[in-house]
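Summary of the model geometry
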Amino acid sequence: MSGQTVEKLAYMANQIARNMTFDATPAASIAEHITAFWTPVMIDMLLAQSNAGLDPLAAEAMAKVAAARAHAG
Amino acid sequence: MGYERQADFGTPEVRSDQEVTCFIDGREVSVPAGTTVMRAAALTGGSIPKLCATDNLRQFGSCRLCLVEIDGMRGTPASCTTPVAEGMKVHTQTPRLQKLRKGVMELYISDHPLDCLTCSANNDCELQDQAAAVGLRDVRFGYEGENHLGAPTDTSNPYFDFDPSKCIVCSRCVRACDEVQGTFALTIEGRGFGSKVSAGLASDDYFSSECVSCGACVQACPTATLQEKAVKEIGKPERAVVTTCAYCGVGCTFRAEMRGEQLVRMVPWKDGKANRGHSCVKGRFAWGYAQHQERILSPMIRESIDQPWREVNWEEALTYTANEINRIRDQYGRNALGGITSSRCTNEETFLVQKLIRAGFGTNNVDTCARVCHSPTGYGLKTTFGTSAGTQDFDSVEDSDVVLVIGANPTDGHPVFASRMKRRLRQGAKLIVIDPRRTDLVRSPHIAADYHLPLRPGTNVAVLTALAHVIVTEGLADEAFIRERCDWDEYQHWAEFVSAERNSPEFLAPVTGVEADAIRGAARLYASGGNGAIYYGLGVTEHSQGSSTVMAIANLAMATGNIGRRGVGVNPLRGQNNVQGACDMGSFPHELSGYRHVSDAATRALFEAEWGVAIDPEPGLRIPNMLDAATDGTFKAIYIQGEDILQSDPDTKHVAAGLAAMECVIVHDLFLNETANYAHVFLPGSTFLEKNGTFTNAERRIQPVRKVMEPINGYEDWQVTQELARAIGLDWNYTHPSEIMDEIARLTPTFTGVNYKRLDAEGSLQWPVNDKAPDGSPIMHVDGFVRGRGKFVVTDYVPTDERTGPRFPLLLTTGRILSQYNVGAQTRRTANSVWHEEDLLEIHPTDAENRGVKSGDWVRLASRSGETTLRAHVTDRVAPGVVYTTFHHPATQANVVTTDYSDWATNCPEYKVTAVQITPSNGPSDWQEDYEAQATLSRRIEGTAMEPAE
Ligand code: SF4
Ligand code: SF4
Ligand code: SF4
Ligand code: FES
């Protein structure tokens, strides 16, 4: 039985990205969504894996999440 | 307080701007124009004898007991059918009237048994009261000749009897069933003296008729003809306490009528603003579970789930639990802990559970079962309108011209609201139903949907976008409203998107399975048919695009200007009684009460000052993530109040694995539910009859729940949570739930004006109740959206990843039925089970024939997740390619089959779409058998023979 695997988190991020594709600023909105609803542990887990299987838009959003976290310290 | 029936004004209240003044027996009274003489008299405190009139039914004028004399008018008109006129002078007691009434009464009594003294309705019978009121002492006609006194009693309904020998053929029951309930199950058969009440065909008894056991006829009956069995068994009630139903989100209020500590009956409260005196079979009759022998009354603990339970006292249970919580926090960190609040419990209880977790456990890992039902509503409506709640009160439907129902089955899920909606539909409002299944609403007595769009499960967004396409491209959008109330740029971006050819009904027809013409017709009707109101349910939210669907609905309402006044709006029909409240109370891991994100420093500061602890600024885990983390070994302990996640959450095997991986599972509930099979601590819970608090219904209406009897387990649920908090070292000292509400009001801007004193005085309040809306808010977004400008969100149709294929060619969708409630823990423990002994699989005749399946056969239902078996019911209610079942019985384990796909924004599980295959079978699956064995083992209690049968 699978747990909190990176594949599952990547699936979630990709699913969010697919549903926000038509947003005016998709990458920023996806990043905001993930920061608002995921725990830091989940975010770190996904960020730690460089080839997690993210779609381009999800990857762009995760880069924004990473940048914001680095900035926040 | 002694027992009195609720006041009956004889005829319904009339709404009118005009006042008329008249004189009743010399007393001056002013009433709205159109009010009857009978009602006006009742308002002066007088009472005119009556039998066929009662104030929740239209006047009928058949018994002739209510005659009056009016100056300047000939004869003796019936006061129940005569409206008052300006200056009218009415006399209700004259010798002439007395004689006439006595004569009428004598005729009635001559065909009525004279065993008042031994009748179960003695002293609670209108016929008896009225006979006394007209001064009838003896009967001249005698009892010889034809009468109905020997007619046998129909006892087929489990909750009430029909004894025709006592019937006076006033037809109040028939009219109640027609007008109030809308089922049209009863008729008056025959004519004149031979006439009698009948439940459909002459051969039918109540049980085999169309009757849905709502109880409206019983309530309307002025004699003991239709009477609750419990009154016969227990006796006449001695006192009544007003409280709120604990079943569904309609939130009906009832008078709990008591004899000593025993509940005799629940009678819908006429002043209840949600139900207006009506009820359904669940709230009215299915409360017997409160005293069910399987209720667990003593706390129990065990170190591991393969051990039998050990009964302990409260102190030992709480100390053990507190030690475990402290141990796990020390060993694994605070984020290894979490909890789940219940949509069945009160606002106060829910608030305390999330407070215990945030302030006591020190983590935001708190979630609620609303996760699996209406979390997309919260997300979608907050994003578009700014408030995570429906926009209307139930009364609003009285002003709707077009009702659009999508993904909801109100006659089963929200019966009392459905009755009110059906009444409006019978008056001529138009109806659009969007549902894969032909629900009862599509065609019922005197109602036929103008459009039924039987879409393929999983294509809600495509259908809604196609509707929007028609509205925009045919110029039906309300541009003035949009320019004034919404963000115009966002609207244009959205309008451009929906106008694209790929979103046209014609283009999408192969995807949705709905004919383009029907979509075009429905769109035109909704956009231009007058006040358009949308009602939706779990068929909208429980999808991988649940949140998108809610936003697509909000887009439609904004685009057509159907928001911000009576008769319109976007209305989620909430499943459980307090789903709205549980969400309001800060049950989600990212939000504090009133839907404020934990990252907001000012909000946190407010709570930190009140609670004296730091609040984590990062969101916590949602239920599925908690289970994932448990499987990973990082999540170890959970406190679950009033929820059965093993049965109600998707992918049962995954939930079981997550729970089995935890070191301390604390279940606080009434019964050893399925989740308790994996628990280490069981804390007995109390029923709604045994506690004080409030529930918030689907209209945002906060209503009192009042203790009518002492908790037989010893404590109300909030007290247990408080004791647990104290055991882990928190200094909590609430002495009454009203103090918890005061704290909620201090911390939550939408609740500032809420307190028990006001709730007692006003009956209920609809939030927001604050400086801006001191008397509450029946309708939201009246002068503008809560978020400022309404936000149009582009909702692109993204097909679910759950696809049919050669192995799993059919789509399974799930739902519920009237007599059962959710996982059925309560209703299965009442006589309601006579209506639903097991979950059945509905399958279309073509699909059934292809598989050699007949109604009643056992079939194997298999998906990628797992398989189960149940019996088939062949019906064309479902389309070819679609199968349907309910999830009320643990033996079925319908969620063994559902997948862990979920809504993209909220992770609300996709219950409504699973690719499956059906094959004939000859009995339970391996999983069912293994599960049953494990459950039996797990339910053992040391020193007792108790192995509760499920
Ligand atoms: S119980 Fe309700 S549905 Fe049944 S006959 Fe009476 S009014 Fe009609
Ligand atoms: S059953 Fe009761 S309500 Fe119905 S006609 Fe007879 S007396 Fe009236
Ligand atoms: S409609 Fe809902 S709230 Fe009303 S009685 Fe039935 S279950 Fe209870
Ligand atoms: S009460 Fe008026 S006619 Fe029966």
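Criteria and cut-off values
- Residues numbered from 1 in each chain as written.
- Chains lettered and ligands numbered in written order.
- Predicted model: local features only at pLDDT ≥ 70, side-chain atom pairs only at ≥ 80, totals over all residues.
- Heavy atoms only, no water.
- Helix = DSSP H or I, 4+ residues; strand = E, 2+ residues; numbered from the N terminus.
- Rg over C-alpha atoms; globule rule 2.2 N^0.38 Å.
- Buried < 20%, exposed > 50% of the residue type's maximum accessible area, 1.4 Å probe, protein only.
- Contact = heavy atoms within 4.5 Å.
- Areas by Shrake-Rupley, 256 points an atom, 1.4 Å probe, with all protein chains shown as cover.
- Lys, Arg positive; Asp, Glu negative; His and termini not counted.
- Charge placed at Lys NZ, Arg CZ, Asp CG, Glu CD.
- Salt bridge = Lys/Arg side-chain N within 4 Å of Asp/Glu carboxyl O.
- pLDDT = per-residue confidence, 0-100.
- Buried area = accessible area lost by both parts, 1.4 Å probe.
- Polar contact = N/O pair within 3.5 Å; in protein donor to acceptor, adjacent residues only side chain to side chain.
- Nonpolar A, V, L, I, M, F, W, Y, C, P; charged D, E, K, R; others polar.
- Near = heavy atom within 4 Å.
- Expected span 1.5 Å × (residues − 1).
- Arc of directions from axis to C-beta.
- Core = buried A, V, L, I, M, F, W, Y, C linked by side-chain atoms within 4.5 Å.
- Pairing = 2+ DSSP bridges.
- 1 Å grid on protein atoms, 1.4 Å probe; cavity = no way out; pocket = protein on both sides within 12 Å on 5 of 7 lines; lining within 4 Å.
- Points joined across faces, edges and corners; volume = space filled by probe spheres on them.
- Phe/Tyr/Trp six-rings, centres within 6.5 Å; stacked < 30°, edge-to-face > 60°.

Let's shift gears to the overall build of chain A. Scanning chain A from terminus to terminus reveals four helices and zero strands. When the elements of chain A are put in sequence order from the N terminus, they spell out α-α-α-α. Here the C-alpha radius of gyration of chain A, 11 Å, is about what a compact globule of 73 residues would show, namely 11 Å. Out of the 73 residues belonging to chain A, those deemed buried represent 44%. For chain A, restricting intrachain contacts to residue pairs at least 6 apart in sequence, the fraction spanning at least 24 positions comes to 63%. Roughly 3500 Å² of accessible area belongs to chain A as shown, and the carbon and sulfur atoms make up 60% of that amount. Side chains of chain A carry 4 positive and 6 negative charges; the gap between the two charge centres is 4 Å.

Right, let's get into the side chain of B:Arg175. Residues and elements named next belong to chain B. Position of Arg175 among the secondary structure elements: in helix H4 (residues 172–181). We note that Arg175 is buried and unpaired, the nearest opposite charge coming from Glu179 at a distance of 5.1 Å. Leaving out residues up to four positions away in the same chain, Arg175 has contacts with Cys52, Leu57, Arg58, Phe60, Cys170 and Val180.

The share of residues in chain B with pLDDT of 70 or more is 95%, and the mean pLDDT across the chain is 89. Note on the complex model: pTM 0.91, ipTM 0.92.

Chain B puts 34 residues into the contact, and the matching count from chain A is 23 residues. When the two sides are added together, the surface that chain B and chain A hide from each other amounts to roughly 2400 Å², 55% of it contributed by carbon and sulfur. On the surface where chain B and chain A come into contact, there are two salt bridges. Of the charged contacts in the structure, one is a salt bridge between A:Arg18 and B:Asp801, with a shortest N-O distance of 3.2 Å. Linking chain B to chain A there are 10 residue pairs in polar contact (both at pLDDT 80 or more). No other element matches helix H22 (residues 623–632) of chain B, which puts five residues into the side of chain B that touches chain A. Tallied by class, residues from the side of chain B that touches chain A come to 12 nonpolar, 12 polar and 10 charged.

Taken together, B:Cys245, B:Tyr247, B:Cys248, B:Val250, B:Gly251, B:Cys252, B:Phe254, B:Cys280, B:Lys282, B:Gly283, B:Pro415 and B:Val416 make up the full set of residues near ligand 3. At the level of secondary structure, the elements contributing two or more residues to the shell around ligand 3 comprise helix H7 (281–285) and helix H12 (415–426) of chain B.

With that settled, consider helix H29 (residues 926–938) of chain B. Residue and element names in this part refer to chain B. Over its 13 residues, H29 runs 18 Å from end to end, which matches the ideal 18 Å to within 8%, given 1.5 Å per residue. Looking only at H29, the buried set comprises Trp927, Gln928, Tyr931, Ala935 and Ser938. Along the axis of H29, the buried residues cluster in a sector spanning 95°; they form a single face. In H29, the exposed residues that point more than 90 degrees away from the buried face are Asp926 and Asp930. In the core, the buried residues of H29 are packed alongside helix H23 (645–648), helix H24 (652–660) and strand E34 (867–874).

A word on the nonpolar core. Ranked by internal contacts, the top residues of the largest apolar core, which has 65 residues, are B:Leu186, B:Tyr206, B:Leu226, B:Met421 and B:Leu431. Look past the residues within four positions of B:Leu226 in its chain and what remains in contact with it is B:Phe160, B:Asp161, B:Phe162, B:Cys173, B:Tyr206, B:Cys217, B:Val218 and B:Cys221.

Glancing now at the site of ligand 1. Residues and elements named next belong to chain B. Within the structure, ligand 1 sits among Phe160, Cys177, Gln181, Leu186, Tyr206, Cys211, Val212, Ser213, Cys214, Gly215, Ala216 and Cys217. Of all elements in the fold, only H4 and helix H5 (216–220) reach the threshold of two or more residues within the shell around ligand 1. Of the residues belonging to the shell around ligand 1, the class tally is nine nonpolar, three polar and no charged.

Okay, unusual backbone geometry next. Residue and element names in this part refer to chain B. A cis geometry characterises the amide bond from Trp767 onward to Pro768, with omega recorded as 0°. Phi at Ser171 takes a positive value of approximately 65°, unusual for a residue other than glycine. On the secondary structure map, Ser171 appears in the loop between strand E5 (160–162) and H4. Positive phi outside glycine occurs at His446, with the angle close to 65°. Of note, His446 is situated in the loop between strand E18 (443–444) and strand E19 (447–448). The class of His446 is exposed, set by a relative accessible area of 61%.

Moving on, we come to the sheet that holds strand E2 (residues 27–32) of chain B. Residues and elements named next belong to chain B. Across the sheet, four strands lie side by side as E2-E1-E4-E3; this open sheet has mixed pairing. The two strands at the open ends of the sheet, each matched to only one other strand, are E2 and strand E3 (69–70). Pairing analysis gives two bridges linking E3 to strand E4 (residues 89–91), with the strands arranged antiparallel. Counted as the bridge partner of Glu69 is His91 from E4.

Take empty space enclosed by the protein next. All names here are of chain B. Inspection of every chain in the model, using the stated rule, returns 16 cavities of 30 Å³ or more. Its volume calculated, the largest cavity comes out at about 370 Å³. If you go around the largest cavity, you meet 27 residues; those closest to its centre are Gly407, Ala408, Asp435, Gly539 and Lys912. Residue assignment for the lining of the largest cavity shows that the elements contributing at least two residues are helix H18 (538–541) and strand E31 (810–815). Sort the elements by how many residues they give to the lining of the largest cavity and E31 lands first, with three residues. Among the residues forming the lining of the largest cavity, the class breakdown is eight nonpolar, 15 polar and four charged.

Let's shift gears to the packing of aromatic side chains. Residues and elements named next belong to chain B. Counted by the stated rule, this structure contains 23 aromatic pairs over all chains. Here Phe162 and Tyr206 contribute two aromatic rings whose centre-to-centre distance is 5.6 Å and whose plane-to-plane angle is 55°, an arrangement assigned as tilted. Placement of the pair is Phe162 in strand E5 and Tyr206 in the loop between strand E7 (196–198) and H5, with a sequence separation of 44 residues. Each member of the pair Phe162 and Tyr206 is classed as buried. Ring centres of Trp314 and Tyr715 lie 5.1 Å apart, and the angle between their planes is 85°; this geometry places the pair in the edge-to-face category. Placement of the pair is Trp314 in helix H8 (residues 314–332) and Tyr715 in the loop between strand E29 (701–705) and helix H25 (717–727), with a sequence separation of 401 residues. On the basis of relative accessibility, which here comes to 32%, the residue Tyr715 falls in the partly exposed class. Through a chain of ring-to-ring contacts, three or more aromatic side chains come together here, namely Tyr159, Phe160, Phe162, Tyr206 and Phe285.

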